[in-house]
Amino acid sequence: MQSLKVPAPSPSQVDLPFLELRDVSKSYRTAKGNYTVLQGVNLSVKSGEFVSIIGHSGCGKTTLLNLVAGFIRPSHGLVSLENRRITEPGPDRMVVFQNYSLLPWLTAYENVYLGVKSVYRPRSETEKRRARQIAEDYLELVGLADAAHKKPKQLSGGMKQRVAIARALAMHPQILLLDEPFGALDPITREELQDQLLDIWQRTKVTVLMITHDVDEAIYLSNRIVMMTNGPGATIGEILTIPLPYPRNRVMLTEDPQFFTFRNQCLSFLYERFALDVDYD
Amino acid sequence: MTNTMAIPRWYSWQKILPVVVPPLIVLLVVLALWQILCSGPNPRLPAPTMIIRESWHIIVDPFFDKGGTNKGLALQVIQSLRRVAVGYALASCVGVSVGIVVGTNRFINRGFDPFFQVLRTVPPLAWLPFALAGFQQAETAAIFVIFITAVWPILINTSVGVQQVPQDYRNVARILRLNRWEYFWTILLPSAAPYIFTGMRIAAGLSWLAIVAAEMLTGGVGIGFFIWDAWNSSRITDIFIALLYVGMVGLLLDRLVFYTSKLIVQSEE
């Protein structure tokens with residue numbers, strides 16, 4: 001895999017605090033007064049870690065992700081990446097959205113290349129050739145070299161999400177932000193993409209922060225699972241460490257008694273201690 | 001690629017007949033009824049056979065030129081189309097560029113929108129005396145009427161399209177830190193293109209409506225004045241042939257803009 005200027009995180013940085021949220025609150029002014037979405041959130045993520053955020057609808061998971069992405073600023077507290085305060089969105093924190101957010105008028109390759117181009121800003125012909133090579137390499141990494149010249153509408157949901165992941169990875173972000181990336185996919189495609197993501201994560205050692213609704217997905221993929229309490233004024237209720245070694249095997253995992261312990265811990269948090277009054281899907 | 005793919009059979013009779021036969025039946029029934037209703041001793045309107053008989057010379061030769069305004073229908077239509085082309089092209093340039101400015105700048109939008117909303121409701125022909133007074137020239141006045149008719153739908157659609165750029169695309173642009181130029185070409189324009197073309201299609205139809213009416217008043221060579229002239233010299237049958245031309249050209253214009261937009265905007269989800 002080629003890269004131009006952005007260095008990959010070196011092993012020495014791994015144990016330093018990488019992404020930090022310190023006493024973060026976010027509230028919005030509404031007609032009925034202040035509405036607090038998040039209250040007193042403290043979280044620190046190490047470089048190369050895979051962290052999932054799980055919680056009920058309306059618990060501020062997306063708000064949390066938007067704070068890290070830089071789309072919004074905290075009302076109180078500090079969000080920082082490598083000790084630099086996050087104030088605006090940037091290519092070092094690429095988001096993979098649930099609805100893919102590919103530009104429909106560009107081909108898969110052009111979508112990825114737009115990301116690469118915006119990071120490396122190639123000027124000379126040699127740099128441009130390398131940037132094109134990077135875009136091609138990452139499409140190949142997600143297994144879509146053959147579909148490079150198709151437009152998003154010609155691709156299935158799973159393929160679109162692969163393009164979005166290729167675009168994100170090709171930009172060599174310091175942290176990859178996934179907003180329910182597989183939520184809109186059918187179960188089989190979802191499992192395929194989970195395996196692929198896990199494989200890519202182990203190879204690239206990119207730091208991942210992922211929002212999900214799916215308890216099994218969170219356990220299968222993550223080092224740690226951050227469980228959110230219900231809003232308004234949601235905060236981190238509990239953080240569950242999943243010490244299972246990688247590479248993980250889906251079939252063996254489901255036979256592992258530890259898996260059920262983790263699963264029960266998550267489910268009891270979501271449906272007993274912080275159950276919602278109303279049904280939700 | 002191999003050449004084993006079956007050749008599409010869209011041209012086969014089974015496909016063409018169901019499309020062509022119903023309109024043919026309707027046409028024959030209408031013509032027959034028309035013929036019957038207008039075949040008395042002194043009909044107010046000419047029957048189809050009478051139209052063909054009396055207007056035969058303009059049907060068979062659309063390109064005759066006997067000087068002045070005495071020209072074949074194709075030549076008349078070409079003159080009208082030329083005026084439409086000039087006015088419409090101006091309206092497209094002004095409408096798209098002003099629409100983008102108005103759509104991206106909230107202050108300018110608030111300032112101009114009330115005036116646009118009032119001006120766009122003014123019927124095209126109401127501008128004509130105003131234009132004649134300003135330009136002192138029938139030709140320029142007619143083109144101005146086309147311009148002012150076509151500009152509003154293009155301008156308003158463009159400004160709406162620009163405001164409707166989905167938040168997802170804006171978010172991508174913010175993460176990628178696209179500069180204004182890149183944002184304009186890779187996000188804003190492609191995203192607003194379907195709106196812009198809808199405006200241009202509406203504008204094409206309106207311009208064609210307006211030119212026929214405007215030419216009736218300004219005179220000169222053109223399909224509008226041809227119709228007015230035919231009425232004044234009691235050549236009622238010629239009017240029917242001219243109306244046929246107006247309808248066909250209007251349809252062609254609409255299709256032309258439609259297929260151009262399809263060619264350019266082929267990538268909607």
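Position numbers for residues count from 1 along each chain, tracking the sequence in the order it is written. Here every chain gets a letter starting at A, and every ligand a number starting at 1, in the order they are written. The predicted origin of the model limits local features to residues at a pLDDT of at least 70 and limits the giving and counting of side-chain atom pairs to 80 or more, whereas totals for whole chains, interfaces and linings rest on all residues. Just so you know, side-chain values use all the structure's heavy atoms and leave hydrogens and water out.

Student: Looking at this structure, I do not really get the pairing of strand β2 (residues 33-46) of chain A. What am I missing?
Tutor: It is a general feature of regular strands that their side chains alternate between the two faces of the sheet. Residue and element names in this part refer to chain A. Two strands are said to pair when DSSP picks up at least two bridges between them. For helices the rule is a DSSP run of H or I covering at least 4 residues; for strands it is a run of E covering at least 2, with both sets numbered from the N terminus onward. In this structure, strand β1 (residues 17-30) lies alongside β2, joined through 10 bridges in antiparallel fashion. Along β2, the bridge assignment pairs Ser 27 with Thr 36. Counted between consecutive antiparallel strands, the loop separating β1 from β2 contains two residues.

Student: Before we go on, may I ask you to explain helix α4 (residues 157-170) of chain A in this structure?
Tutor: The span you would expect from a helix comes to 1.5 Å times its residue count less one. Helix length check: α4 of chain A (14 residues) gives 20 Å between terminal C-alpha atoms against 20 Å at 1.5 Å per residue, within 8%. Throughout, exposure labels follow a simple rule: accessible area from a 1.4 Å probe, protein chains only, divided by the maximum for the residue type, with under 20% read as buried, over 50% as exposed, and the rest as partly exposed. Within α4 of chain A, 12 of the 14 residues are buried, leaving the element largely enclosed by the surrounding structure. Within the span of α4 of chain A, buried status applies to Gly 158, Lys 160, Gln 161, Arg 162, Val 163, Ala 164, Ile 165, Ala 166, Arg 167, Ala 168, Leu 169 and Ala 170 of chain A. Contacts from the buried residues of α4 of chain A go to β6 (93-96), α2 (108-120), α3 (125-141), β7 (175-179) and α5 (187-204) of chain A together with α8 (167-176) of chain B. The contact criterion used throughout is that any non-hydrogen atoms of two residues lie within 4.5 Å.

Student: Looking at this structure, I do not really get the packing of aromatic side chains. What am I missing?
Tutor: Residues and elements named next belong to chain A. Stacked, tilted and edge-to-face pairs are distinguished by plane angle, under 30 degrees for stacked and over 60 for edge-to-face with tilted covering the rest, among Phe, Tyr and Trp rings (Trp via its six-membered ring) whose centres lie within 6.5 Å. For the coordinates displayed, the defined rule picks out 16 aromatic pairs over all chains. Ring geometry for Tyr 109 against Tyr 113: centres 5.9 Å apart, planes inclined by 20°, an arrangement best described as stacked. With Tyr 109 and Tyr 113 both in helix α2 and four residues apart, this pair spans about one turn of that helix. Judged by relative accessible area, Tyr 113 falls into the buried class, the value being 16%.

Student: For this particular structure, what's the right way to read the pairing of strand β9 (residues 224-228) of chain A?
Tutor: All names here are of chain A. Extensive coverage of β9 is indicated by the burial of five of its five residues. Residues Arg 224, Val 226 and Met 228 line one face of β9 and the alternating positions Ile 225 and Met 227 line the opposite face, and both faces are buried. Bridge count between strand β3 (residues 50-54) and β9: four bridges; the pairing is parallel. When the sheet's bridge partners are listed, Val 51 is paired in β9 with Arg 224.

Student: Any chance you could explain the sheet that holds β9 of chain A here in plain terms?
Tutor: Sheets are built from strands that pair by backbone hydrogen bonding, the pairs being arranged parallel or antiparallel. Residues and elements named next belong to chain A. Within the open sheet, the six strands sit side by side as β6-β7-β8-β3-β9-β10. Their pairing is mixed. Across the chains shown, the open sheet's two edge strands, defined by having one partner strand only, are β6 and β10 (236-241). If you compare each strand with its neighbour and ignore which way they point, the axes differ by 20° on average. Strand direction decides the pairing type here: β7 and strand β8 (residues 207-212), joined by five bridges, are parallel. The residue bridging Ile 175 from the neighbouring strand is Thr 207, located in β8. Sitting on the sheet, helix α8 (residues 257-273) is in contact with β3, β9 and β10, with an inclination near 170° to β10. Orientation is described by axes fitted as lines to C-alpha atoms, over the contacting stretch for helices, and by angles from 0 to 180 degrees between their N-to-C directions.

Student: Explain the layout of surface pockets here, please?
Tutor: Empty space left among the atoms is revealed by rolling a probe the size of a water molecule over them. Residue and element names in this part refer to chain B. Of the grid points, spaced at 1 Å and generated over the protein atoms alone, those admitting a 1.4 Å probe that cannot get out make up cavities, while open sets with protein on both sides within 12 Å along at least five of seven lines make up pockets; any residue with an atom within 4 Å of a point is treated as lining. Grid points are joined across faces, edges and corners, and a volume is the space filled by probe spheres set on the points. Put simply, the largest pocket is a space of about 560 Å³. Every residue lining the largest pocket is counted, 17 residues in all, and those nearest its centre are Thr 104, Val 162, Arg 170, Tyr 183 and Leu 188. A total of five residues in the lining of the largest pocket trace back to one element, the largest contributor, which is helix α9 (residues 180-218). In this classification, Asp, Glu, Lys and Arg are treated as charged, Ala, Val, Leu, Ile, Met, Phe, Trp, Tyr, Cys and Pro as nonpolar, and every other residue, Gly included, as polar. Classifying every residue of the lining of the largest pocket by side-chain character gives eight nonpolar, five polar and four charged.

Student: Help me understand the interface of chain B and chain A, please; the structure alone is not making it clear to me.
Tutor: Interfaces are often described in size by the accessible area the parts lose on coming together. The interface is formed by 19 residues belonging to chain B together with 26 residues belonging to chain A. A simple way to read buried area is as the amount of 1.4 Å-probe accessible surface that goes missing from two parts once joined, with both sides added. Between chain B and chain A, a total of about 2,100 Å² is buried, with carbon and sulfur atoms accounting for 59% of that surface. Looking only at chain B, the three residues that lose the most surface to chain A are Ile 175, Leu 176 and Arg 177 of chain B, adding up to 30% of its buried area. In what follows, salt bridge is the name for a side-chain nitrogen of Lys or Arg lying within 4 Å of a carboxyl oxygen of Asp or Glu. At the boundary of chain B and chain A, one finds three salt bridges.

Student: Would you explain the environment of Tyr 271 of chain A in this entry?
Tutor: Position of Tyr 271 of chain A among the secondary structure elements: in helix α8. It is 9.4 Å that separates the C-alpha atoms of Tyr 271 of chain A and His 56 of chain A, two residues lying 215 residues apart in sequence.

Student: Help me understand unusual backbone geometry in this model?
Tutor: When glycine is set aside, most residues are seen to have a negative phi, and most peptide bonds are trans. Residues and elements named next belong to chain A. Between Tyr 246 and the following residue, Pro 247, the backbone shows a cis peptide bond with an omega angle of -5°. Looking at the element boundaries, Pro 247 is found in the loop between β10 and α7 (250-255). For Arg 121, which is not a glycine, the phi torsion comes out positive at approximately 50°. With respect to the secondary-structure elements, Arg 121 resides in the loop between α2 and α3. For Arg 121, a relative accessible area of 31% puts it in the partly exposed group. Unusually for a residue other than glycine, Lys 205 sits at a positive phi of about 55°. With respect to the element layout, Lys 205 can be found in the loop between α5 and β8.

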